[in-house]
Amino acid sequence: MTSTVGVVIPTRGDRPLRATIDGVLAQRPAAVVVVVDGAPLTSVDDPRVKVVPNCLSPGLPGARNTGIAALDTDLVAFCDDDDVWLPGKLDAQVRLLEDTGAEFVSCGIEVEYGSRRVTRLAGRTEITAADLTRSRMVMVHSSTYLFTKGALWVDESAPGGQNEDWDLALRAAKRRPIAHVDRPLVRVRWGGSHYATRWADRISGLEWMLARHPEIADDARGAARIYGQLAFHHAALGRRKEARRFAALAFHSRHREPRAALAMAVAAGLVSAPAVLSALHTRGHGI
């Protein structure tokens, strides 16, 4: 590995970081920065780790950018504070980046939810903007990101920090295809997410993505997915009229869109939104 790598670990200070930090340090990056957002500084008993406060806009995007700015390395990698890098992650990604001339690399993941672990792979070694327009591609996850420092920054206007990672990957893919190591090299632990049931923020985040990347609505599958998610989140908030409206848009884009059907089940009171998410997460999927 000839390029130097700096790692950004954003945290709100309310999670144990030892497993995350150990997984990162085992891969010998040049620098590790833990960025604490909205809480007293976390104590990390390791001289190889620098702990700094978020000095930009409050929230995850500002914390990520604070970390990027604090690094003096060739490359930047992200790792969320509830995830764990698996052995060989960094070497494989840096090697692919250097071999292909890419500026952004992702990898496969292993989703952990409760006692279950499910591998999610892309089935390809290159991710295009069209791929990320059609599907969020859960394996192109923020904890897999490795990219050239200075090429990209996180957009801090993302409402509630929602979809800032999807937006970053999509902007990267529009510049040039994302190189992808299609092996599970990151364990993504979904059980403690702060974001999964923040329904209003998720609605705002999807609307933000549609405004920033209108081509999503031009792709039938991409549009159906987004409208189905909007229907589901509105249903979770008890907004039946809006849920029906977006479900109709989803079905119009794709007749068999499953998210729209799930939204209608939630709106009708047949099942709760958290129960649906739990069942999906057990299988390594989200809404």
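Residues numbered from 1 in each chain as written. Predicted model: local features only at pLDDT ≥ 70, side-chain atom pairs only at ≥ 80, totals over all residues. Heavy atoms only, no water.

**A closer look at the nonpolar core**
By size, the foremost hydrophobic cluster in this structure holds 88 residues, and its most contacted members are Val 7, Phe 78, Leu 132 and Phe 232. The biggest single contributor to this core is helix α7 (residues 220-236), with seven residues. Not counting residues within four places of it along the chain, the set of residues in contact with Leu 132 comprises Ile 127, Met 137, Val 140, Trp 166, Ala 169, Leu 170, Ala 173, Ile 178 and Arg 225. (Core = buried A, V, L, I, M, F, W, Y, C linked by side-chain atoms within 4.5 Å. Buried < 20%, exposed > 50% of the residue type's maximum accessible area, 1.4 Å probe, protein only. Helix = DSSP H or I, 4+ residues; strand = E, 2+ residues; numbered from the N terminus. Contact = heavy atoms within 4.5 Å.)

**Focus on the packing of helix α6 (residues 199-212) against α7**
Two numbers describe how α6 lies on α7: the axes approach to 9 Å, and their chain directions differ by 155 degrees. On the basis of the axis angle, α6 is roughly antiparallel to α7. Both α6 and α7 take part in a crossing whose hand is left-handed. Judged by residue contacts, Trp 199, Arg 202, Ile 203, Leu 206, Glu 207 and Leu 210 of α6 engage Ile 226, Tyr 227, Gln 229, Leu 230, Phe 232, His 233, His 234 and Ala 236 from α7. Residues of the contact of α6 with α7, tallied by class, amount to nine nonpolar, three polar and two charged. (Axes fitted to C-alpha atoms, helices over the stretch in contact; angles between N-to-C directions. Parallel < 35°, antiparallel > 145°, perpendicular 65-115°, else oblique. Left-handed = near helix turned anticlockwise from the far one by under 90°. Nonpolar A, V, L, I, M, F, W, Y, C, P; charged D, E, K, R; others polar.)

**Some details on the packing of helix α5 (residues 164-175) against α6**
For the pair α5 and α6, the least separation of the axes is 10 Å and the interaxial angle reads 20 degrees. With respect to their mutual orientation, α5 and α6 come out roughly parallel. Seen from above, α5 lies across α6 with right-handed handedness. In this structure, α5 contributes Glu 164, Trp 166, Asp 167, Leu 170 and Arg 171 to the contact, and α6 contributes Leu 206, Trp 208, Met 209 and Arg 212. When its residues are assigned to classes, the contact of α5 with α6 shows five nonpolar, no polar and four charged.

**Quick look at the pairing of strand β6 (residues 104-113)**
Burial analysis of β6 places nine of its ten residues in the buried class, the great majority of the element. Pairing of β6 with strand β9 (residues 146-148) involves two bridges; the strand directions are antiparallel. Residue Val 105 lies in a different strand from β9, and its bridge partner there is Leu 146. As judged from the eight bridges shared by β6 and strand β10 (residues 178-189), these two strands associate in the parallel manner. The residue of β10 that forms the bridge with Cys 107 is Val 181. Where β6 and strand β7 (residues 116-120) come together, five bridges link them in antiparallel fashion. Looking at the pairing, Tyr 113 lines up with Arg 116 of β7. Linking two consecutive strands that pair antiparallel, namely β6 and β7, is a turn of two residues; a positive phi of about 65 degrees is found at Gly 114 within it. (Pairing = 2+ DSSP bridges.)

**Some points on the pairing of strand β4 (residues 75-78)**
Remember that side chains alternate between the two faces of the sheet whenever the strand is regular. Side chains of β4 alternate between two faces, with Leu 75 and Ala 77 and Val 76 and Phe 78 buried alike. Relative to β4, strand β1 (residues 5-11) runs parallel, the two sharing four bridges. For Gly 6, the partnering residue across the bridge sits in β4 and is Val 76. Pairing analysis gives three bridges linking β4 to β9, with the strands arranged antiparallel. Residue pairing for β9: Ala 77 is matched across the bridge by Leu 146.

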